[in-house]
Amino acid sequence: MSTPTSDDYVVRAIRPEEWAAVKQLRLDALRDPVAHIAFLETYEDALARPDSFYQERAIGSGEGSGTAQQFIAEAPDGTWAGTVTVLLEQAGTTDWAGYPVERRQGHVVGVFVRPEHRGNGLIRTLFDAGVSWAWQQRADRVRLFVHADNARAQGAYRKAGFGPSGLVVSFSKDEAENELEFVLER
């Protein structure tokens, strides 16, 4: 069998009733070798959360939500190969790091592609879906934060059109480490 290309996947928003699959994909992502610098949550913390947490998350970022959207890439065999979530941030609010949000923007979080599905352009396809949704929500730009030591992710984000804004924030798990803001302007 040939290796799938990005065109072989169905990229779509999750459905609220798929919360168990959302939970499983999150747990799998938190087992990735770079999860300690890619995610703020630990596997143990995610595992300890009640099912109601994942049910609420699937409703809040599922089809039809206007405040967040989680996209998944469904492989030809039906398995979920990867995910990207975009949160909508409103001008006049304060973000997670305490900085003022100056304009309506999308904020990409929870990026994960299973290792066996990497290197075929799938991450770009997932980002295209997330960014398109943000533009439909009238966002002026889309941003994400990436650990300064996560070169693999930085390369993938650059290929998807994002670039460093110059904003550097302390990594919430370790103040001695930094995260870089990458942005894509409309």
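Residues numbered from 1 in each chain as written. Predicted model: local features only at pLDDT ≥ 70, side-chain atom pairs only at ≥ 80, totals over all residues. Heavy atoms only, no water.

Caption draft 1: Molecular detail of the overall build of the protein chain. Helices and strands together make up the secondary structure of the protein chain, namely 6 helices and 7 strands. Ordered by position from N to C terminus, the α and β elements of the protein chain give β-α-α-α-α-β-β-β-α-β-α-β-β. Here the C-alpha radius of gyration of the protein chain, 16 Å, is about what a compact globule of 186 residues would show, namely 16 Å. When the backbone C-alpha atoms are referred to their principal axes, the protein chain occupies close to 45 × 35 × 35 Å. Counting all 186 residues of the protein chain, 47% fall into the buried class. Counting every atom, the protein chain has about 9300 Å² of accessible surface; 51% of that belongs to carbon and sulfur. The distance from the centre of the 20 positive side-chain charges to the centre of the 27 negative ones in the protein chain is 3 Å. (Helix = DSSP H or I, 4+ residues; strand = E, 2+ residues; numbered from the N terminus. Rg over C-alpha atoms; globule rule 2.2 N^0.38 Å. Buried < 20%, exposed > 50% of the residue type's maximum accessible area, 1.4 Å probe, protein only. Areas by Shrake-Rupley, 256 points an atom, 1.4 Å probe, with all protein chains shown as cover. Lys, Arg positive; Asp, Glu negative; His and termini not counted. Charge placed at Lys NZ, Arg CZ, Asp CG, Glu CD.)

Caption draft 2: Representation of the layout of surface pockets in the model. What the largest pocket holds in volume is close to 1200 Å³. Residue lining of the largest pocket: 46 residues in total, with A38, F39, V109, G110 and V111 positioned closest to the centre. In terms of residues, the lining of the largest pocket owes the most to one element, strand 4 (residues 105–113), which gives 7 residues. Of the residues assigned to the lining of the largest pocket, the class counts are 24 nonpolar, 12 polar and 10 charged. (1 Å grid on protein atoms, 1.4 Å probe; cavity = no way out; pocket = protein on both sides within 12 Å on 5 of 7 lines; lining within 4 Å. Points joined across faces, edges and corners; volume = space filled by probe spheres on them. Nonpolar A, V, L, I, M, F, W, Y, C, P; charged D, E, K, R; others polar.)

Caption draft 3: Highlighting the pairing of strand 3 (residues 80–89). Most of strand 3 sits out of view: 9 of its 10 residues are buried. Bridge analysis of strand 2 (residues 68–74) against strand 3 gives 7 bridges, and the strand direction is antiparallel. By the bridge assignment for strand 3, A73 is matched with G82. Bridge count between strand 3 and strand 4: 7 bridges; the pairing is antiparallel. Paired with T85 across the two strands is V109, which belongs to strand 4. (Pairing = 2+ DSSP bridges.)

Caption draft 4: The environment of D140, seen in detail. Within the element layout of this structure, D140 appears in the loop between helix 5 (122–136) and strand 5 (141–147). Residues D140 and R186, 46 residues apart in the sequence, show an inter-C-alpha distance of 5.6 Å. D140 has contacts with R103, R104, W135, E185 and R186, leaving out every residue within four places of it along the chain. (Contact = heavy atoms within 4.5 Å.)

Caption draft 5: Structural view of the environment of L184. If you trace the backbone, L184 turns up in strand 7 (residues 174–185). Once the C-alpha coordinates of L184 and Q90 are considered, the two residues, 94 residues apart in sequence, prove to be 17 Å apart.

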